[in-house]
Amino acid sequence: MNELQNQGELKKTLSLPLLIGFGLAYLAPTVVFNYYGIWTCEDGTAGHYPLALLITTVMMLFTAFSYTRMVKEFPQAGSAYVYVNKSVQPHIGFLTGWVMLLDYLLLPMVCYLLLGIYINEYFPVLPVWAIVIGCAALGAIFNIIGAKTASFIDSIIIAAQLIFTALTILLCIMYVCDGGGAGSIFSAKAIINPETFNFSSVLNASAILCVSFVGFDAVTTMAEETKDPQKVMTPAIIGVCLGAGILFFITSYFMNIAWPDAATQIQDPDVGAYEFYPQIGYDWAADVFFVVDEFASFVCAMAGMGAVSRILLGMGRDNILPKNFFGSVSKKFNTPVKNIILVSVIACSGIFYADNLIGAAELVSFGCIIGFIMVNISVFMRFYIKKGQRSGLKNKLMYMIVPLIGAAILIFAFFFVGKGAKILGGIWLGVGIIYLAVKTKGFKELPPEMHFEE
C-alpha cells in the first residue's frame, strides 16, 4: 500500500494483471473453503452452497457494472464514498463512507477469527481467544515497525491459493471417477435438490456471501494509481467479480458431487473443509489447506490493519476524527501507532464470535451491501437524472434498468442479513448520523471530506 499523500498525485504504476491480482488477493480465493461447512450444512443451505454462490455472482455482476460506470466518471481513490458524494448528496455520501468504514475495521477481525478457529481445530490445547489475541498482537507489531509484505510474496500467496483450489477440484474429479460421491461429475442435484431446497436459506447465504466479492470494490480504490484507468478499470472490475464467481461456483460444485451427503454428515460446520478431505480419502490435503489458508488469512488481516489505520490517519489529519489521536504518526516508527493499536483491539472482538462465524461475517456484509446499494443508485442519479442520458435503449439499459435492478436485488438480500448484524450496524450508522449532525451544525454545512487513499 502507498503512504497517505496530502498533496500531488499518486504514482500510476498498476496494469490490468496487477489490478486483477490485487482484487483476488483482497478477496482471497480460499475463502470458498472457509464458508464451505457453514453454508453446506443443514442449518445453512442444506447442500445448496454452489447455488448460493451462483446467485451471489449474478447479484454482484449488476453492481460490478455500476462500479465500471462510476470509476470512469470519477477515476480517483474513494470508491463508493466519492460516487455517492458527487452523484447523490454529500451528507449521504459521508454516511455511505462511514458505513463502509465498518467493513475496513472488521475485516481483520474476521481474518483473525478464522485463524483462531482453524488453529484451534489443529491444536485444541490453544483456545480460540488466545489465538485471536496473539495473532492480532503479532499483526500490530509488524504494522507498527513498518514491515510490509513484498508484492512478490503476495503473488506467491495468490498462486498458492489458486493452485490448491485447482488441486481440490482435481482430487474431487479423481474421487468421483473412481466411483465415489455422486458417481458422476455431472449432477443436477449438486446445484439444486428439490427435496431439500429452501429459497429463504439460499438467499440468506447469498446476502452474507456478498462480502466474499469485495475484491472488485477494492480494485476501484486504486484508480489513481492505474495506468490508463479509463481503459483498464472496466475489465479489471468485471474480471475480478466474474472470475471469482466462476472459481467459487466450480469449486463448491465439485465438492458437492464428491461429498453429496455433506449437509447431514458435517460434524462441525465452522471447520467443514477439514472434514471434507478425509471424507474423500486425501487426509494430507487438509494439512496443505491449513498452511495455505492460515498464511493467506494472516497476510489479509495484516493488509487490512495497515489499510484502515491509514484511512483513520487521513480522517484524523482532516480533522474528521480527533486529530491528536487519529492524525498522529510515531516519530520512532513513522507509522500511525495509535490507530494500529486501536484497530488491533477492535480485531480482538472476534473472540466474542468464536462460536458464531456467520455472525461475524454478517457484520461485514451489513456495510458491504449498503455501500453496493448506494453505488447502484449513484449511477442512476448521476447519468440518468443529473446528466439526462435517457435517450435510446442503451442509455436506459446502462443508466436506469441495470443499476436499479442491482439496487433492488441488494435491498431484497439485505432483509436476509441477521438481526444482530442489523442492530450493531444500525448503531454504527446512528453514531455516524449524530457525529455528522454535530460536524455540520445540524446538516446546515457540507460534511468534511473523507479520504480513502491507502
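Cut-offs applied
- Residues numbered from 1 in each chain as written.
- Predicted model: local features only at pLDDT ≥ 70, side-chain atom pairs only at ≥ 80, totals over all residues.
- Heavy atoms only, no water.
- Helix = DSSP H or I, 4+ residues; strand = E, 2+ residues; numbered from the N terminus.
- Rg over C-alpha atoms; globule rule 2.2 N^0.38 Å.
- Contact = heavy atoms within 4.5 Å.
- Areas by Shrake-Rupley, 256 points an atom, 1.4 Å probe, with all protein chains shown as cover.
- Lys, Arg positive; Asp, Glu negative; His and termini not counted.
- Charge placed at Lys NZ, Arg CZ, Asp CG, Glu CD.
- Buried < 20%, exposed > 50% of the residue type's maximum accessible area, 1.4 Å probe, protein only.
- Polar contact = N/O pair within 3.5 Å; in protein donor to acceptor, adjacent residues only side chain to side chain.
- Axes fitted to C-alpha atoms, helices over the stretch in contact; angles between N-to-C directions.
- Parallel < 35°, antiparallel > 145°, perpendicular 65-115°, else oblique.
- Left-handed = near helix turned anticlockwise from the far one by under 90°.
- Nonpolar A, V, L, I, M, F, W, Y, C, P; charged D, E, K, R; others polar.
- pLDDT = per-residue confidence, 0-100.
- Core = buried A, V, L, I, M, F, W, Y, C linked by side-chain atoms within 4.5 Å.
- Patch = residues over 30% accessible without salt bridge, like charges linked within 9 Å, V, L, I, M, F, W, Y side chains within 5 Å.
- Salt bridge = Lys/Arg side-chain N within 4 Å of Asp/Glu carboxyl O.
- Phe/Tyr/Trp six-rings, centres within 6.5 Å; stacked < 30°, edge-to-face > 60°.
- Lys NZ or Arg CZ within 6 Å of the ring centre and 35° of its normal.

Caption draft 1: Up close: the overall build of the protein. The secondary structure content of the protein amounts to 19 helices and zero strands. For 454 residues, the compact-globule formula gives about 22 Å, and the C-alpha radius of gyration of the protein, at 22 Å, lands near that figure. In terms of its C-alpha atoms, the protein occupies a principal-axis envelope of roughly 65 × 60 × 40 Å. For the protein, restricting intrachain contacts to residue pairs at least 6 apart in sequence, the fraction spanning at least 24 positions comes to 80%. In the structure as shown, the protein presents an accessible area of about 18300 Å², 67% of it carried by carbon and sulfur atoms. Averaging the coordinates of the 26 positive side-chain charges in the protein and doing the same for the 29 negative ones gives two points 19 Å apart.

Caption draft 2: Looking closely at the side chain of E294. Among the secondary structure elements, E294 is positioned in helix α14 (residues 283-317). Using a relative accessible area of 7% as the deciding quantity, one classes E294 as buried. If we skip the residues at most four places from it in the chain, E294 touches L114, L115, Y118, I119, Y274 and F289.

Caption draft 3: Molecular detail of the environment of S309. Position of S309 among the secondary structure elements: in helix α14. In this structure, the C-alpha to C-alpha distance between S309 and N143, residues 166 residues apart in sequence, is 9.3 Å. Aside from chain neighbours lying at most four places away, what touches S309 is P336, N339, I340 and V343.

Caption draft 4: Quick look at unusual backbone geometry. Positive phi outside glycine occurs at A46, with the angle close to 55°. Mapped onto the elements of the fold, A46 is located in the loop between α3 (36-40) and α4 (49-73). Classification of A46 as buried rests on a relative accessible area of 18%.

Caption draft 5: Representation of helix α9 (residues 199-209) within the structure. Listing the buried residues of α9 in full gives V202, L203, A205, S206, A207, I208 and L209. The secondary structure elements touched by the buried residues of α9 are α3, α4, α17 (357-386) and α18 (392-414). Sitting at the head of α9, N198 places a side-chain oxygen 3.1 Å from the backbone nitrogen of S200.

Caption draft 6: Representation of the packing of α17 against α18 in the model. In contact at an axis separation of 8 Å, α17 and α18 are set at 160° when each is read in the N-to-C sense. On the basis of their axis angle, the class for α17 and α18 is roughly antiparallel. Crossing hand, α17 versus α18: left-handed. Listed contacts from α18 to F366, I369, I370, F372, I373, N376, I377, V379, F380, F383 and Y384 of α17 are K396, M398, Y399, M400, P403, L404, G406, A407, L410, I411 and F414. Taken together, the residues of the contact of α17 with α18 break down into 19 nonpolar, two polar and one charged.

Caption draft 7: Layout of the confidence of the model for the protein. With 90% of its residues at a pLDDT of at least 70, the protein reaches an overall mean of 85. Per-residue pLDDT stays below 50 along residues 1-10; that stretch engages in 18 contacts with residues further than four places along the chain or on separate chains.

Caption draft 8: Representation of the nonpolar core in the model. With 142 residues, the main nonpolar core has Y35, M60, L101, Y112, F216 and F276 as its most contacted residues. Ranked by residues supplied to this core, first place goes to helix α6 (residues 90-122) with 21 residues. Excluding its chain neighbours within four sequence positions, the residues that come into contact with Y35 are Y49, V110, L209, V211, S212 and A361.

Caption draft 9: Focus on the packing of α6 against helix α19 (residues 419-439). Axis separation between α6 and α19 bottoms out at 10 Å; the angle between their running directions is 135°. Overall, the two elements α6 and α19 adopt an arrangement that is oblique. Here α6 runs over α19; the crossing is right-handed. From α6, H91, F94, L95, W98, V99, L101, L102 and L105 reach across to α19, where they touch G425, W428, L429, V431, G432, I433, Y435 and L436. Across the contact of α6 with α19, the residue classes break down as 13 nonpolar, three polar and no charged.

Caption draft 10: Inspection of the environment of L16 at higher detail. Relative to the helices and strands, L16 resides in helix α1 (residues 16-27). Assessed through its relative accessible area of 30%, L16 is described here as partly exposed. Sequence spacing of L16 and C210 is 194 residues, and the spatial spacing of their C-alpha atoms is 23 Å. In contact with L16, other than residues within four places in its own chain, are V232, P235 and A236.

Caption draft 11: Focus on a nonpolar patch on the surface. On the surface, a nonpolar cluster with roughly 360 Å² of combined accessible area is contributed by I192, F197, F199 and F412. For I192, the position within the fold is in the loop between α8 (151-177) and α9. Classification of I192 as partly exposed rests on a relative accessible area of 38%.

Caption draft 12: Representation of the packing of aromatic side chains. In total, this model carries 33 aromatic pairs according to the counting rule given. Pairing W98 with W428 gives two aromatic rings, centres 4.8 Å apart and planes at 20°, and the pair type is stacked. Placement of the pair is W98 in helix α6 and W428 in helix α19, with a sequence separation of 330 residues. The burial state of W98 is the same as that of W428; both residues are buried. With centroids separated by 5.4 Å and ring planes inclined at 20°, the aromatic side chains of F380 and Y384 adopt a geometry described as stacked. Pair noted here: F380 and Y384 are both in helix α17, with a separation of four residues, about one helical turn. Its relative accessible area of 17% is what places F380 among the buried residues. Of the residues examined, Y384 reaches a relative accessible area of 13% and is grouped as buried. Geometry around Y384 places R390 over its ring, the cationic atom sitting 5.5 Å from the centre. A cation over an aromatic ring shows up here: K422 above the ring of F414, its NZ or CZ 5.5 Å from the ring centre.

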